[in-house]
Amino acid sequence: MGTLISEIIHGKTACLVLNGQLDDYDYIREVMNYNTYELIIAVDGGANHLYRLGIMPNYILGDLDSIEDDIREYYEASDVVFKKFPTKKDETDAELAVWLVEEVGLLGIDIYAALGGRIDHELANIQLLYYILDRGMYPRIISEHEEIYILKNDEMTLKGNVGDIVSILPIRGDARGITLVNMEYSVEELDLKYSVTRGISNVMVAQDAYINVRDGCLLVIKNIKKK
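Reading guide: rules and limits
Residues numbered from 1 in each chain as written. Predicted model: local features only at pLDDT ≥ 70, side-chain atom pairs only at ≥ 80, totals over all residues. Heavy atoms only, no water. UniProt positions renumbered as here; feature names shortened; annotations may be inferred. Helix = DSSP H or I, 4+ residues; strand = E, 2+ residues; numbered from the N terminus. Phe/Tyr/Trp six-rings, centres within 6.5 Å; stacked < 30°, edge-to-face > 60°. Lys NZ or Arg CZ within 6 Å of the ring centre and 35° of its normal. Pairing = 2+ DSSP bridges. Buried < 20%, exposed > 50% of the residue type's maximum accessible area, 1.4 Å probe, protein only. Right-handed = clockwise from strand over helix to strand, strands pointing away. Axes fitted to C-alpha atoms, helices over the stretch in contact; angles between N-to-C directions. Parallel < 35°, antiparallel > 145°, perpendicular 65-115°, else oblique. Contact = heavy atoms within 4.5 Å.

> Explain the UniProt feature "domain: Thiamin pyrophosphokinase thiamin-binding" (unreviewed entry) in the chain to me, using residue names and the numbers behind them.
Sequence positions flagged by UniProt for "domain: Thiamin pyrophosphokinase thiamin-binding" (unreviewed entry) are, in local numbering, residues 147-219. The span residues 147-219 is 0% helix and 66% strand, and its two end C-alpha atoms sit 10 Å from each other.

Take a look at the structure:
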């Protein structure tokens with residue numbers, strides 16, 4: 001890839017809003033409005049978040065058991081398309097939303113309200129990043145507190161601010177040949193064993209940080225300092 005992920009997917013990005021925790025609607029609204037999305041999908045109870053954000057989805061998808069009644073009635077009177085699925089199924093609602101994005105042909109997926117709440121849902125949503133990447137799309141999770149990216153045998157330029165804390169975590173095995181540039185602990189060709197915590201809490205020393213993993217898969221987590 002070799003460049004900023006948002007440049008690769010510019011104008012071809014979808015937004016999924018899940019039913020996890022959102023505390024700062026003003027901040028999330030600003031971020032969502034800054035990122036121009038071609039497709040906005042409310043994943044079941046994510047419709048409640050979008051209603052409070054004042055943002056209209058294109059689709060509401062899932063078993064629809066977590067949407068508040070008055071909000072559901074509001075959207076049913078609009079042009080929003082509902083896609084209802086059984087409660088008992090092999091896939092999560094978020095996974096079904098990924099299929100919809102793939103069907104539409106978009107390359108990027110930003111996921112909101114993926115964290116907080118039940119730990120099993122939170123971990124499953126983080127693992128969903130690999131599932132999306134494996135299907136040829138570029139995902140990230142965005143919350144009020146962090147952005148989470150995934151790299152597999154790839155490189156990226158991470159945009160941020162001086163002092164932003166960035167952690168890298170090997171997943172699905174060891175990660176080899178890691179290069180970090182413009183970080184307090186810049187490295188070249190570092191190998192990290194899976195489950196080793198050496199990649200935690202690095203610090204950006206410029207507004208652009210370069211990250212490369214030659215062989216393996218990394219979660220890249222940037223902690224956000226809100227102004």
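Right, picking up where we left off after that structure.
> Could you give me a rundown of the packing of aromatic side chains, with the residues and numbers involved?
Taken as a whole and assessed by the stated rule, the structure comprises four aromatic pairs. For the pair Tyr 51 and Tyr 74, a centre-to-centre distance of 5.2 Å together with 75 degrees between the ring planes defines the contact as edge-to-face. With Tyr 51 in helix α3 (residues 46-53) and Tyr 74 in helix α4 (residues 69-76), the pair connects residues that are 23 residues apart, well separated along the chain. Ring centres of Tyr 51 and Tyr 75 lie 6.4 Å apart, and the angle between their planes is 85 degrees; on these two criteria the pair is classed as edge-to-face. Here Tyr 51, found in helix α3, pairs with Tyr 75, found in helix α4; they are 24 residues apart in sequence, far enough to count as distant. Joined through ring pairs, the aromatic side chains of Tyr 51, Tyr 74 and Tyr 75 make up one cluster. When the ring centre of Tyr 130 is taken as origin, the NZ or CZ atom of Arg 172, which lies over that ring, is 3.9 Å away.

> Outline the pairing of strand β12 (residues 208-223), listing residues and values.
By the bridge criterion, seven bridges tie strand β7 (residues 146-152) to β12 in an arrangement that is antiparallel. Across the sheet, residue Glu 146 finds its bridge partner in β12, namely Asn 223. Sheet topology places strand β8 (residues 155-159) next to β12; five bridges connect them, and they run antiparallel. Its bridge partner being in β12, Thr 157 is matched across the sheet by Tyr 210. In terms of strand pairing, strand β9 (residues 165-181) meets β12 through eleven bridges, oriented antiparallel. Looking at the pairing, Val 181 lines up with Tyr 210 of β12.

> Outline the pairing of strand β2 (residues 39-43), supporting the account with residue identities and numerical values.
Within β2, five of the five residues are buried, which leaves the element mostly enclosed by the surrounding structure. Neither face of β2 is open: one carries Leu 39, Ile 41 and Val 43, the other Ile 40 and Ala 42, and all of them are buried. With four bridges connecting them, strand β1 (residues 13-17) and β2 associate as parallel partners. Across the sheet, the residue bridging to Leu 16 is Ile 41, located in β2. Chirality of the crossover, the property in question, places the unit of β1, helix α2 (residues 25-34) and β2 among those that are right-handed. When β2 meets strand β3 (residues 59-62), the two strands line up parallel, connected through three bridges. Pairing of Val 43 across the sheet is with Leu 61, part of β3. Read from β2 through α3 to β3, the crossover connection turns out right-handed.

> With reference to specific residues and values, describe the packing of α2 against α3.
Closest axis-to-axis distance for the α2/α3 pair is 10 Å, and the angle between their directions is 90 degrees. The orientation of α2 with respect to α3, classified from their angle, is roughly perpendicular. For the pair formed by α2 and α3, the contact residues are Tyr 25, Ile 28, Arg 29 and Met 32 on the first element and His 49, Leu 50, Arg 52 and Leu 53 on the second.

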